[in-house]
Every structure is written in structure tokens, then in C-alpha cells.
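The residues making up each chain are set out below.
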Amino acid sequence: MERDVFEIVVEKEFIALSPEERIELKNYCSTEEEYNQLKQVLVGVNTMDWTNPEPKVETKEKLDVLFAQTHPKAGGMWYNSALAVIAPKDKPIYRQPLLQIAALALLVFLTVPFLQQNDTDDSSPLVAENSIDAGNEDVVKNTDVSGGIEEKKEDDLADTKDPQDEVSLPAVMTGFVASRGISNEVPVPAAESPTSNHPDGVFISEESIAYSLPASDQPDDVMDLLTTSF
Amino acid sequence: MSDEELMIAVGKGDKRAFDEIYARYSGPLLGYFIRMLWKDREKGEDFVHDIFAKIIRKPELFDPTRKFKTWIYSVANNMCKNEYKKQEVRKNTSNGLDSHYALSDTNANVLGEVQDSQFRSEFEQSLQDLDEKHSGVFKLRHIDGLSIKEIADVLKISDGTVKSRLFYATKYLAASLKDFNPVMNR
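Residues numbered from 1 in each chain as written. Chains lettered and ligands numbered in written order. Predicted model: local features only at pLDDT ≥ 70, side-chain atom pairs only at ≥ 80, totals over all residues. Heavy atoms only, no water.

**Student:** Even after reading the chapter, I still don't get the packing of helix α8 (residues 148–155) of chain B against helix α9 (residues 159–176) of chain B, so can you show me in this structure?
**Tutor:** If you want to describe how two helices pack, look at the angle between their axes and the distance between the axes. All names here are of chain B. Two elements in contact, α8 and α9, have axes separated by 8 Å at closest approach and are oriented at 105°. Here α8 is positioned roughly perpendicular relative to α9, judged by the angle of their axes. Across from Ile 148, Lys 149, Ile 151, Ala 152 and Leu 155 in α8, the residues of α9 making contact are Asp 159, Val 162, Lys 163, Arg 165 and Leu 166. A breakdown of the residues in the contact of α8 with α9 according to their chemical character gives six nonpolar, no polar and four charged. (Axes fitted to C-alpha atoms, helices over the stretch in contact; angles between N-to-C directions. Helix = DSSP H or I, 4+ residues; strand = E, 2+ residues; numbered from the N terminus. Parallel < 35°, antiparallel > 145°, perpendicular 65-115°, else oblique. Contact = heavy atoms within 4.5 Å. Nonpolar A, V, L, I, M, F, W, Y, C, P; charged D, E, K, R; others polar.)

Following this line, the structure appears as C-alpha cells:
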């Protein structure tokens, strides 16, 4: 606190004043008598008991009620205290624990995948070879499966082959045909579909071979059946 | 915590901060109001209530860049000025009775409690005789203990004006109390 002329007056007698202090006090008092009058007022004021009275208790009580009405307490919820700890309002945002935890979590989230990737890259050559072998086996299996599918497709195509293309029959089939007395000139049933090989569309079993015959060669009982029907 | 920090906390609804501000300033403000408002203790109590009610209701009125002490005294000073205006209007509309005469009994009670009652009585009488702008500066400087710079801030006047008013008030009081010599009596 700055030292002003009043402190000089209270502390010093007139004869003890320095030339600078006398110049400073020139506006207030020029003679010793005026100086002493000034001094007696200031000393009197300073020595008086200016103890401040205490306000009534009722005044404070009224103010407490007013404060409670103006600033109602926020509900005592558990998350209020938790938020006050992890996100205190009086701290700057970069010093709030909530933000620090979030930043750390983000860092971990971004770093861990890279670490795992590095682990697989840095594994031993043996493991690498095993993985390569395993990969080849898979490829072989895939090719086998695909070969099977191709073979099956070829079988299907064989069923649909034109019978006229079968110029040479296997030895077993040749013997079978000879035993039945069937020559190669005998018309081969035009059975393109397994369900109906008969030229008239009559369904017969695959084992039996149907031949078209003239009406005169038909058995008599067939004619009898036709007669009875009329 | 400083007064300014406490006021920021009061603005956020901190009851303990308000209690601390009240503990620091309720007494000095009550004494200030009593001195400024014709020794009327009841009025002083009401004014203390009103000024702290303002702090509760509108803490944002306080500018944290200012010193709280000078701000609160400037608010108190403005309240006293408004009261002077009210009293002036009442005096003009009343039937000639000065309402302050009724306070003379209170004055007597207060004066009876002081040690150097005769000097004090004369001093306070002289201070009352002084016009408000000079006595106000004197009280703020010598009774409330504010520096010249703080008084200038409270009253929103220059340092030079404060010194000038202090000079006038001190000269006036010294002339009024020249028959008393408290220094010699001790």
C-alpha cells in the first residue's frame, strides 16, 4: 500500500519532517500549528474504536434461504459426483480425466491392430512354410473336386450321345448282341430319353428292347383284344 | 482463496464461497452503511441484506477483472446515494420535520459505547456537517481503510480529485476540532 501524507503526519513530529515531506505537505499545512491540528484529527480518528458491528443472524438466515432458492441443488444423482470427478468444469478440457482416458483408449485402439500385424509378419520361416503347405493342400483339394465335377459332366454327355456314333462296341456288348442274334443292321431303338425309347411313345423298361413289327406278325390274342373292344 | 475467486465460485452456486464472502464483508459493510445512513442500524441491516441479495441473484454483475473490494464498496456507495435522493424527496414532501432527528437517540446509544466519547461526538458531528462527497472520501480513507487509488475506483473519480477532497475534509475537521487535543489527553 502506498505511503501517503496522512501516514507521515501520524508518524512524525513537525520538526522531524524532511524537506521533501514538507514540500509534499505544503498543500495541507504550512505552519507547525496547522500541522499539529491535522495530526490531532488523524490520530484521533485512528485511535477511535471503529470495530464493525456484526449483522443480525436473521439477515444471514434470509440470505441462506434466498441462496437455496436461487441455486437449487442438482438432485444428488450418482452421476453428478462421478461427472464432477472425471469432467470437472473448472479445469480446461485438455486436463479433464474423461478426455485423457478417451485419448488413451483411442491410441490403444489404433495401435493394437498394427502390433498384431507386425507379429504375423515377424513369425518363423517354419510357420511360414507350414502355412504355405496348408495353402497348397487346399488348392489340390479344390482341383480334385473340380476334376470330379468334370468327369461327371462327361458321363452325362455320354448318355446323350447319338447311338449312330457308337460304331465299335465293347467286346462284352458284342458277345451279348451276337447271342441274341441281333445284327448291327437291326434298327436300334431311338431311345434318346430314358423314359420312353419306343418310337410310338409307349413306355417300356430299359432292359427290354422294343422293335417295331408289321401288323401281320402281331400275335392273335392282340387281335382278339381289339375285337372284343369293338 | 481471493475475493475474486470466491465470487466466481458464488456465480457457480457454491454456498461455502458465499458464506466466506459474507464473513469477510458483512461486518465492514454494515459499519459503512451505519456511518453513511445517519447511524440507522436497522437501515444498515436492510442494506447489507440487499447488497448480498444482489450478489446471490446477479453474481455476473461483478467484473472479475476488477477488485472485489472496490466493486462492492462502489455498489454500497451507489445504494447510499440512492437513499440520499429518496430522503431528499421525502424531506421536500414532508411537513417540515426532519426524519433524521428521530435517529438522535440511536446516535446517543452508539456514542455511549465509545471510549473517547466527547471527541468522537464532536468528530462525528463535524463529519455530518461536511457535505457528502467530502465526508464520504474521508470515511473511506480513514475508517474503511481504502487507499486513494481504491477510493478513486469506488467513486469513479480521479486520484487527484480524491486527494483534493481529502485535503478539504481534513482541513475542515482539523478546524472544527481544534479545541480538542486527543494526543495530549492520552
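**Student:** Can you walk me through helix α1 (residues 3–11) of chain B in this structure?
**Tutor:** Residues lying three or four places apart along an α-helix face the same way, a consequence of the helix completing one turn every 3.6 residues. All names here are of chain B. Taken together, the buried positions of α1 are Asp 3, Leu 6, Met 7, Ala 9 and Val 10. Down the axis of α1, the sector holding all buried residues measures 160°, keeping them to one side. With its phi angle positive at about 90°, Gly 13 sits one or two positions after the end of α1. (Buried < 20%, exposed > 50% of the residue type's maximum accessible area, 1.4 Å probe, protein only. Arc of directions from axis to C-beta.)

**Student:** Just to check I follow, could you spell out the interface of chain A and chain B for this structure?
**Tutor:** Think of interface size as the accessible area that goes away when the parts come together; that is how it is often given. Of the residues lining the interface, 36 residues belong to chain A; the matching set on chain B comes to 52 residues. Both faces combined, the contact of chain A with chain B buries some 3,900 Å², and carbon together with sulfur accounts for 66% of it. Broken down residue by residue, the surface that chain A buries against chain B is led by Gln 40, Trp 50 and Phe 67 of chain A, which jointly contribute 18%. Linking chain A to chain B there are four salt bridges. (Buried area = accessible area lost by both parts, 1.4 Å probe. Salt bridge = Lys/Arg side-chain N within 4 Å of Asp/Glu carboxyl O.)

**Student:** Before we go on, may I ask you to explain the confidence of the model for chain A in this structure?
**Tutor:** Low-pLDDT portions of the prediction should not be read for the details of their coordinates. All names here are of chain A. Averaged over all residues, the pLDDT of chain A is 68; the fraction at 70 or higher stands at 47%. Per-element averaging of pLDDT across chain A places helix α7 (residues 125–159) at the bottom with 51 and helix α4 (residues 57–70) at the top with 91. Per-residue pLDDT stays below 50 along residues 157–161; that stretch engages in zero contacts with residues further than four places along the chain or on separate chains. Low pLDDT, under 50, characterises residues 163–167; the stretch is placed with one contact to residues that sit more than four places away or in other chains. (pLDDT = per-residue confidence, 0-100.)

**Student:** Please explain unusual backbone geometry as it appears in this structure.
**Tutor:** Peptide bonds are, in most cases, trans, and in most cases residues other than glycine have a negative phi. All names here are of chain B. Non-glycine residue Trp 38 carries a positive phi angle of around 55°. Residue placement: Trp 38 occurs in the loop between α2 (15–36) and α3 (41–57). For Trp 38, a relative accessible area of 15% gives the class buried.

**Student:** Any chance you could explain the environment of Met 79 of chain B here in plain terms?
**Tutor:** Residue and element names in this part refer to chain B. Locating Met 79 in the fold gives a position in helix α4 (residues 68–93). Note on Met 79: relative accessible area 9%, which makes it buried. For Met 79 and Ile 51, which are 28 residues apart along the polypeptide, the C-alpha to C-alpha distance reads 8.5 Å. Residues in contact with Met 79, not counting those within four places in the same chain, are Phe 33, Phe 47, Asp 50, Ile 51 and Lys 54.

**Student:** How should I be thinking about the side chain of Lys 139 of chain B in this particular structure?
**Tutor:** Residue and element names in this part refer to chain B. Here Lys 139 lies in helix α7 (residues 132–142). In this structure Lys 139 is buried but unpaired, with Glu 132 as the nearest side chain of opposite charge at 7.5 Å. Among residues more than four places away in sequence, those in contact with Lys 139 are Arg 35, Met 36, Leu 127 and Asp 144. (Lys, Arg positive; Asp, Glu negative; His and termini not counted.)

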